[in-house]
Amino acid sequence: MDMLSRVKVRVENVVASIDLHGEIDLEKVVSNLKNVEYDPSVFPGAIYKLEKPKTTFLIFDTGKLVCTGAKNTEEIKEAVKTLVRQLEKLGMKFSDDPTIEIQNLVASGDLNMGNLDLDIIALTLPNCEYEPEIFPGIIYRVRGSRLTVLLFTTGKIVVAGARNEEDICFAVKNLLEELEKYGLINMGG
């Protein structure tokens, strides 16, 4: 399986849901923190852009948040810690440590195989969609999982739906095995 070792993949975005275990006064957040957008007539949460680590939060008055833009789970934890400190300085209290649940990791990479014939791959490979007029890549769904791999002519890939790095490896390995199984690539190479 030396083909997998030639594939370089890196996490581009981590999305997490967070429960701070306490209510948040959105009006206080808006009037005291920079980089906050809040228009309850359009969306019930505040959008807060944190500079370091570079992340964006959707903040709801229930104490529930969504954080996106981090490159790894450590950045999510650091961003949540920073936000909690800011909220506590504004007088908000939380009954427990934040509960952080990773919802989605998006990774990009390169199969390092040069150009691929997506028409032939799409006609041969099960579990995939390819409509080049709508989207320039194959959408490959990893059977029995929530994982999706986008595959482009250049051999570049995007993996979505992962909850951890093992999921990403599993998705890439699955795609490579399917491509080899149908004679679309040679993994001995």
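Thresholds, definitions, all that
Residues numbered from 1 in each chain as written. Predicted model: local features only at pLDDT ≥ 70, side-chain atom pairs only at ≥ 80, totals over all residues. Heavy atoms only, no water. Helix = DSSP H or I, 4+ residues; strand = E, 2+ residues; numbered from the N terminus. Rg over C-alpha atoms; globule rule 2.2 N^0.38 Å. Areas by Shrake-Rupley, 256 points an atom, 1.4 Å probe, with all protein chains shown as cover. Lys, Arg positive; Asp, Glu negative; His and termini not counted. Charge placed at Lys NZ, Arg CZ, Asp CG, Glu CD. Buried < 20%, exposed > 50% of the residue type's maximum accessible area, 1.4 Å probe, protein only. Pairing = 2+ DSSP bridges. Salt bridge = Lys/Arg side-chain N within 4 Å of Asp/Glu carboxyl O.

Caption draft 1: Quick peek at the overall build of the chain. Counting its secondary structure elements, the chain contains five helices and ten strands. Taking 2.2 N^0.38 as the reference for a compact globule, 189 residues should give roughly 16 Å; the C-alpha atoms of the chain span a radius of gyration of 21 Å, well beyond that estimate. Taken along its principal axes, the extent of the C-alpha atoms in the chain is 60 × 35 × 30 Å. When the accessible area of the chain is evaluated, it comes to approximately 10400 Å², of which 52% is carbon and sulfur surface. Where the 22 positive side-chain charges of the chain centre and where its 29 negative ones centre are 5 Å apart.

Caption draft 2: Up close: the side chain of Thr55. By secondary structure assignment, the location of Thr55 is in strand 4 (residues 55–59). Taking the relative accessible area as the measure of exposure, Thr55 reaches 3% and is therefore buried.

Caption draft 3: Region of the structure containing the pairing of strand 5 (residues 64–70). Looking at chain direction, strand 1 (residues 8–19) and strand 5 are connected through five bridges and run antiparallel. Bridging across to strand 5, Ser17 finds its partner in Val66. In terms of strand pairing, strand 4 meets strand 5 through four bridges, oriented antiparallel. For Leu58, the partnering residue across the bridge sits in strand 5 and is Val66. In this antiparallel pair of consecutive strands, strand 4 and strand 5, the connection spans four residues, and Gly63 shows a positive phi of 95 degrees.

Caption draft 4: Expanded view of unusual backbone geometry. Of note, the amide linkage connecting Lys52 to Pro53 takes the cis form, showing an omega dihedral of -10 degrees. Along the chain, Pro53 turns up in the loop between strand 3 (46–50) and strand 4. Phi is positive for His21, which is not a glycine, with a value near 60 degrees. Counting through the fold element by element, His21 comes out in the loop between strand 1 and helix 2 (26–32). Exposure remark for His21: the relative accessible area of 25% places this residue in the partly exposed category. Phi is positive for Asn127, which is not a glycine, with a value near 60 degrees.

Caption draft 5: Highlighting the pattern of salt bridges. If you walk through the whole model with that rule in mind, you get ten salt bridges. In this structure, Glu101 engages Arg163 in a salt bridge whose closest nitrogen and oxygen atoms are separated by 3.7 Å. Of the two residues, Glu101 is situated in strand 6 (residues 99–110) and Arg163 in the loop between strand 10 (156–162) and helix 5 (165–181); the sequence distance between them amounts to 62 residues. The exposure class of Glu101 is partly exposed, given its relative accessible area of 42%. Here Arg143 ties to Glu178 by a salt bridge, and the two come within 4.0 Å at their closest N and O atoms. Separated by 35 residues along the polypeptide, Arg143 in the loop between strand 8 (138–141) and strand 9 (148–151) and Glu178 in helix 5 bring together distant segments of the chain. The network of salt bridges with common partners includes Arg10, Glu12 and Lys71.

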